[in-house]
Amino acid sequence: MHNSEEIHTHSDVLKMLDSLLREPAPFWNEFYTNREKKIPFFANIPDENLVSYFEKGLLKHGKTLELGSGPGRNAFYLAQKDCEVDAVDLSEEAIQWGKERAAEAKLPVNFIHGDIFEMNIEENSYDLIYDSGCFHHIAPHRRMSYLDLLHKALKPGGHFALTCFAAGGQYGGSEISDWEVYRSRSLKGGLGYTEERLKKIFSDFQLIEMRKMEPMAECSPTFGIQDMWTALFQK
Ligand SMILES: C[S@@+](CC[C@H](N)C(=O)[O-])C[C@H]1O[C@@H](n2cnc3c(N)ncnc32)[C@H](O)[C@@H]1O
């Protein structure tokens, strides 16, 4: 028997469950190789909800971590708002693109190539954690690790903001159960969430605002598409 296929710890169980699903890094790397593709979130503009949090005074500058940042459209907005931004993504291609964009725009974003579950994070170190479109690609068995990461990384009173697929949406948002993910060995393009489910998952945090994303016109300076939940929580 393969030594690496023995299960001794909880972490071994997580790794075994990972192995039942598509390996994410090669998929996301391939995804970003053609920058000309007509992907709505390839446009270098920030989420409308993120902008609205700053405009309403719900968020202000601070040390920020962006999970699954891609090439950094939201990270750049946060840097413009004087946040000190660490932007993490699994895809080397996305990180390279982000670094090029940062150099062009002369914006100080710290792009980090890596898995959000393998970062060495200092406890209580971030004022804000932002996730736009990464959480719905996280497999159910990693959701607890995701919550642990939020608890560990956020300062008391720190904020967590999320944009994710609503169940049964136009762009994705599969309505399968957590168990079905493992029976079918797939997240079917990304998991869809209901308002109730999100409230339950993040119930340790105080809910500040939850609403659907506002669809934006193509020429708008902010990004918005239908069938996405946006939420702002506080630790
Ligand atoms: C739908 S894209 C969104 C990208 C970016 N946030 C945006 O909105 O433009 C999801 C991103 O999450 C990243 N991702 C998925 N799982 C990850 C993980 N475990 N660690 C780091 N990044 C991850 C992917 O590489 C991909 O860039």
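Let me begin by describing the structure that accompanies this report. (Residues numbered from 1 in each chain as written. Predicted model: local features only at pLDDT ≥ 70, side-chain atom pairs only at ≥ 80, totals over all residues. Heavy atoms only, no water.)

Let's talk about the layout of surface pockets
Thought 1: Taken as a whole, the second largest pocket encloses approximately 360 Å³ of empty space.
Thought 2: If you trace the second largest pocket, you find 15 residues lining it, with Ile39, Pro40, Ala43, Glu218 and Phe223 closest to the centre.
Thought 3: Here the residues of the lining of the second largest pocket are counted per class, giving 9 nonpolar, 3 polar and 3 charged. (1 Å grid on protein atoms, 1.4 Å probe; cavity = no way out; pocket = protein on both sides within 12 Å on 5 of 7 lines; lining within 4 Å. Points joined across faces, edges and corners; volume = space filled by probe spheres on them. Nonpolar A, V, L, I, M, F, W, Y, C, P; charged D, E, K, R; others polar.)

Some thoughts on the site of the ligand
Thought 1: Around the ligand, a shell composed of 18 residues is seen, among which Tyr32, Gly68, Arg73, Asp89 and Ser132 lie nearest.
Thought 2: The contact in question runs from a nitrogen atom of the ligand to an N or O atom on the backbone of Gly68, over 2.7 Å.
Thought 3: At a separation of 3.1 Å, a nitrogen atom of the ligand approaches a polar side-chain atom of Asp115.
Thought 4: Here the shell around the ligand is composed, by residue class, of 6 nonpolar, 8 polar and 4 charged. (Near = heavy atom within 4 Å. Polar contact = N/O pair within 3.5 Å; in protein donor to acceptor, adjacent residues only side chain to side chain.)

Points about the state of the cysteines
Thought 1: Tallying each qualifying case throughout the model produces 0 disulfides.
Thought 2: Unpaired in this structure, Cys83 has its nearest cysteine sulfur neighbour in Cys134, at a distance of 19 Å.
Thought 3: Of the residues examined, Cys83 reaches a relative accessible area of 5% and is grouped as buried.
Thought 4: Summary of cysteine pairing: Cys164 is not part of a disulfide, and the nearest cysteine sulfur, belonging to Cys134, is at 11 Å.
Thought 5: When its relative accessible area of 0% is taken as the criterion, Cys164 is described as buried. (Disulfide = S-S within 2.5 Å. Buried < 20%, exposed > 50% of the residue type's maximum accessible area, 1.4 Å probe, protein only.)

Let's talk about the pairing of strand β3 (residues 109-113)
Thought 1: In the sheet, strand β2 (residues 84-89) pairs with β3 via 5 bridges, with the strands oriented parallel. Counted as the bridge partner of Val88 is Ile112 from β3.
Thought 2: With respect to chirality, the unit in which β2 leads through helix α5 (residues 92-105) into the neighbouring parallel β3 is right-handed. (Pairing = 2+ DSSP bridges. Helix = DSSP H or I, 4+ residues; strand = E, 2+ residues; numbered from the N terminus. Right-handed = clockwise from strand over helix to strand, strands pointing away.)

So, a nonpolar patch on the surface
Thought 1: Together, Ile7, Val13 and Met16 line one region of the surface with nonpolar side chains, adding up to about 220 Å² of accessible area.
Thought 2: Note on placement: Val13 falls in helix α1 (residues 10-19).
Thought 3: Judged by its relative accessible area of 30%, Val13 falls in the partly exposed class. (Patch = residues over 30% accessible without salt bridge, like charges linked within 9 Å, V, L, I, M, F, W, Y side chains within 5 Å. Areas by Shrake-Rupley, 256 points an atom, 1.4 Å probe, with all protein chains shown as cover. Salt bridge = Lys/Arg side-chain N within 4 Å of Asp/Glu carboxyl O.)

Quick word on the sheet that holds strand β6 (residues 206-212)
Thought 1: Taken in spatial order, the 7 strands line up as β3-β2-β1-β4-β5-β7-β6 in an open sheet, and their pairing is mixed. Edge positions in the sheet fall to β3 and β6, since each has one partner strand and no second. Neighbour-to-neighbour, the strand axes of the sheet open up by a mean angle of 15°, direction not taken into account.
Thought 2: Packing of helix α6 (residues 143-153) onto the sheet brings it into contact with β1 (63-67), β4 (126-132) and β5 (154-165), and relative to β5 it is tilted by some 145°. (Axes fitted to C-alpha atoms, helices over the stretch in contact; angles between N-to-C directions. Contact = heavy atoms within 4.5 Å.)

Let's talk about the environment of Asp86
Thought 1: Looking at where Asp86 falls in the secondary structure, it is placed in strand β2.
Thought 2: Residues Asp86 and Ser69 lie 17 residues apart in sequence; the distance between their C-alpha atoms is 9.2 Å.
Thought 3: Separated by 2.8 Å, the side chains of Asp86 and Asn110 make a polar contact.
Thought 4: Separated by 2.5 Å, the side chains of Asp86 and Tyr126 make a polar contact.

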